[in-house]
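Tertiary structure, described
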Amino acid sequence: MRKRIITAESNKLAKPEGNWLDLEEIAEVEISSEDIAFPIESALLAGHTTGWRAAEPGKQTIRLMFSQPQKLTRIFLSFAETSIERTQEFKVRCSSDNGQSFQEIVRQQWNFSPSGATSETEDFSVELAAVTELELNITPDINNPKAFASLAQLRLA
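Owing to the predicted nature of the structure, the values given are computational and were not obtained by experimental measurement. (Residues numbered from 1 in each chain as written. Predicted model: local features only at pLDDT ≥ 70, side-chain atom pairs only at ≥ 80, totals over all residues. Heavy atoms only, no water.)

**Quick notes on the side chain of Thr139**
Keep this limit in mind: Segments assigned H or I by DSSP are reported as helices when at least four residues long, segments assigned E as strands when at least two residues long, and all are numbered from the N terminus. Here, residues are in contact when the closest pair of their heavy atoms is within 4.5 Å.
In this structure, Thr139 sits in strand β6 (residues 119-139). Apart from the residues within four sequence positions on either side, Thr139 is in contact with Lys59, Thr87, Gln88 and Glu89.

**Quick look at empty space enclosed by the protein**
Condition: Each cavity reported here is a set of points on a 1 Å grid over the protein atoms alone in which a 1.4 Å probe fits but cannot get out, each pocket an open set with protein on both sides within 12 Å along at least five of seven lines, and each lining residue one with an atom within 4 Å of a point. Grid points are joined across faces, edges and corners, and a volume is the space filled by probe spheres set on the points. Any residue outside Ala, Val, Leu, Ile, Met, Phe, Trp, Tyr, Cys, Pro, Asp, Glu, Lys and Arg is labelled polar, Gly included; the first ten of those are nonpolar and the last four are charged.
One pass over the structure, following the stated rule, counts one cavity of 30 Å³ or more. Considering only enclosed or pocket space, the largest cavity measures out at about 40 Å³ in volume. Around the largest cavity sit Ile62, Ile75, Leu77, Val92, Leu134, Glu135, Leu136 and Leu154, which together line it. Sorting the residues of the lining of the largest cavity by element identifies β3 (60-80) and β6 as the ones contributing at least two each. Partitioning the lining of the largest cavity into residue classes produces seven nonpolar, no polar and one charged.

**Thoughts on unusual backbone geometry**
Trans is the prevailing form of peptide bonds, just as negative phi is the prevailing case for residues other than glycine. Selection criterion: Three exposure classes are used, based on accessible area relative to the maximum for each residue type with a 1.4 Å probe and protein chains only: buried under 20%, partly exposed in between, and exposed over 50%.
At Asn98, a position not held by glycine, the phi torsion is positive, near 55°. Along the chain, Asn98 falls in the loop between β4 (86-95) and β5 (103-112). Phi is positive for Ala130, which is not a glycine, with a value near 55°. As for its placement among the helices and strands, Ala130 is situated in strand β6. Looking at Ala130, the relative accessible area reads 38%, which means it is partly exposed.

**Brief notes about the packing of aromatic side chains**
Threshold: Centre distance within 6.5 Å is the pairing criterion for rings of Phe, Tyr and Trp, where only the six-membered ring of Trp is used; planes under 30 degrees apart are then read as stacked, over 60 as edge-to-face, and the remainder as tilted. Two conditions define a charge sitting above a ring: the NZ of Lys or the CZ of Arg must be within 6 Å of the ring centre, and it must be within 35 degrees of the ring normal.
Scanning all chains against the criterion turns up four aromatic pairs. Ring-pair connections join several aromatic residues into one group, and the members of that group are Phe79, Phe90 and Phe124. The lysine or arginine in question, Arg53, covers the ring of Phe38, its NZ or CZ lying 3.7 Å from the ring centre. Over the ring of Phe102 we find Arg93; its NZ or CZ atom is 4.3 Å from the centre of that ring.

Spelled out as structure tokens, the structure:
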């Protein structure tokens, strides 16, 4: 058994380990909104630390369209919120027919609190064959349509 001790400080923004797909080479990305100071590349590519943030409030979509169908075995997502309390919901869907139909993989809510839970990290093991599109839908606050969505990291293996 492998074991690690984690502290509150080390758990703030996890750095995923693994053999990740090179999304820059194999995918095109569509986004519903983008703050120019926080481009989507900052959440999708290794070595970037600022993450992505929407330019417009409300629900947002990030869609990855693969040039060739991909077998996915792992989806790593990381979100951070240090300034406001909010309840975020995200949903991940995939398509094997170039976006004609989608299968929901996961839907989850998380409560952010500046005095407590300031980050959410999810590492899903999946068995998805021949994925042509992967879509992440973010509702930044289910109680406030004026909240802005953000994403610290998205990695796929």
